[in-house]
Amino acid sequence: METDFSKIGQNCADVPMPIVKLNRWTLLTGVLLALVLQQPFITTFLFGMILVAVVFGQKASLIFQLGSRLFAAQIPAAEREDRRLMRFNNTLAMIMLGLAQISFVVGLPLLGWIFSLMVATAAGVALAGFCVGCFMYYQFKLNRYRLLNR
């Protein structure tokens, strides 16, 4: 039986957790590999990959496409994360990695590695069970509600 990967996730507003975890592992290992090898270019690749996902959505996301194929058997029964939350977290990662790229270009590599490690730390903490971006998203939504609905 052949799976039509183009249909995975299109009719549902959520992203399967195996793909969310793949995203987190990719960011964590990518930044750590870049740091160990002292190759900021790896963080540039991560930045570009996340930028495309944020701007064009999951259909254009390399991680979503790869995860859809790798975890095809698990996806139908997998827990899911709200697509908006995933986009918010990726936007934060994109901003931090973007600031890292600017830092590397202007000759501030230490600052670039700090921004990159912030992404790796958030991904690692999320893999351990506490999503910093999710907490920020919740606080943002809560405070927006408080400010606009009184």
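What counts and how
- Residue indices follow the written sequence of each chain, beginning from 1 at its first position.
- Residue-level local features of this predicted model are given only where pLDDT is at least 70; pairs of side-chain atoms are given and counted only at 80 or more, and the full residue set underlies all totals for whole chains, interfaces and linings.
- As a rule here, side-chain values cover all heavy atoms of the structure and leave hydrogens and water aside.
- To count toward a patch, a residue needs a relative accessible area above 30% and no salt bridge. Like charges then connect within 9 Å, nonpolar side chains (Val, Leu, Ile, Met, Phe, Trp, Tyr) within 5 Å.
- Accessible surface is estimated by sampling points in the Shrake-Rupley manner with a 1.4 Å probe; for residues, cover comes only from the protein chains shown.
- Salt bridges are counted wherever a side-chain nitrogen of Lys or Arg sits within 4 Å of a carboxyl oxygen of Asp or Glu.
- Starting at the N terminus, helices and strands are each numbered in turn, a helix being any DSSP run of H or I of at least four residues and a strand any DSSP run of E of at least two.
- Only protein chains enter the area calculation, which uses a 1.4 Å probe; residues under 20% of their type maximum are buried, those over 50% are exposed, and those in between are partly exposed.
- Distance and chemistry together define a polar contact, namely a pair of N or O atoms within 3.5 Å, with one atom able to donate a hydrogen and the other to accept it when in protein, and with adjacent residues in sequence counting only for side-chain atoms on both sides.
- Two residues form a contact once any of their heavy atoms are found within 4.5 Å.
- Buried residues of nine kinds, namely Ala, Val, Leu, Ile, Met, Phe, Trp, Tyr and Cys, make up a nonpolar core once their side-chain atoms join them within 4.5 Å.
- Within a predicted model, pLDDT stands for the predictor's per-residue confidence, ranging from 0 to 100.
- Expected span, for any helix, means 1.5 Å times one less than how many residues it has.
- In this context, the arc is that of the directions from the helix axis out to the C-beta atoms.

S.K.: Just checking my understanding: could you explain a nonpolar patch on the surface for this structure?
M.R.: A surface patch of nonpolar side chains, about 930 Å² in accessible area, is lined by Ile-95, Leu-99, Ile-102, Val-105, Val-106, Leu-108, Leu-110, Leu-111, Ile-114 and Met-118. Elements represented by at least two residues in the nonpolar patch include exactly helix H4 (83-105) and helix H5 (109-128). Relative to the elements of secondary structure, Ile-102 occurs in helix H4. Overall, the relative accessible area of 53% leaves Ile-102 in the exposed class.

S.K.: For this particular structure, what's the right way to read the side chain of Gln-101?
M.R.: Examined against the element boundaries, Gln-101 turns out to sit in helix H4. At a separation of 2.4 Å, a polar atom in the side chain of Gln-101 contacts the side chain of Thr-44. For Gln-101, the residues in contact, after removing those within four places along its chain, are Pro-40, Thr-43, Thr-44 and Phe-47.

S.K.: Help me understand the nonpolar core, please; the structure alone is not making it clear to me.
M.R.: For soluble globular proteins, nonpolar side chains are generally found buried alongside one another. Within the largest apolar cluster, 22 residues are counted, with the highest numbers of intra-cluster contacts made by Ile-19, Leu-27, Leu-46 and Leu-97. Broken down by secondary-structure element, the contributors of at least two residues to this core are helix H1 (17-37), helix H2 (40-56), helix H3 (62-70), H4 and H5. Top contributing element to this core by residue count: H1, with 7 residues. Residues within four places of Leu-27 in sequence aside, it is in contact with Leu-46, Ile-50, Ala-93, Leu-97, Val-119 and Ala-123. Core analysis: the second largest hydrophobic core is formed by 6 residues, Ala-34, Phe-104, Trp-113 and Phe-115 among them.

S.K.: What exactly am I supposed to notice about the confidence of the model for the protein chain here?
M.R.: Do not read the fine detail of predicted coordinates wherever pLDDT is low. Chain-level statistics for the protein chain give a pLDDT mean of 89 and a share of 91% at 70 or above. Mean pLDDT per element in the protein chain: helix H6 (residues 132-148) is the minimum at 89, and H5 is the maximum at 97. Here residues 1-11 scores under 50 on pLDDT; set against residues more than four positions off or in separate chains, the count is 13 contacts.

S.K.: So what exactly am I meant to see when it comes to H2 here?
M.R.: Owing to its 3.6 residues per turn, the α-helix aligns residues three or four sequence positions apart on the same side. Under the 1.5 Å per step criterion, the end-to-end length of H2 is 24 Å for 17 residues, consistent within 8% with the ideal 24 Å. All of the buried residues along H2 are Ile-42, Thr-43, Leu-46, Met-49, Ile-50, Ala-53 and Val-54. Taken around the axis of H2, the buried residues stretch over an arc of 135°, which confines them to a single face. Opposite the packed face of H2, turned more than 90 degrees from it, sit the exposed residues Phe-41 and Phe-56. At its buried positions, H2 is contacted by H1, H3, H4 and H5.

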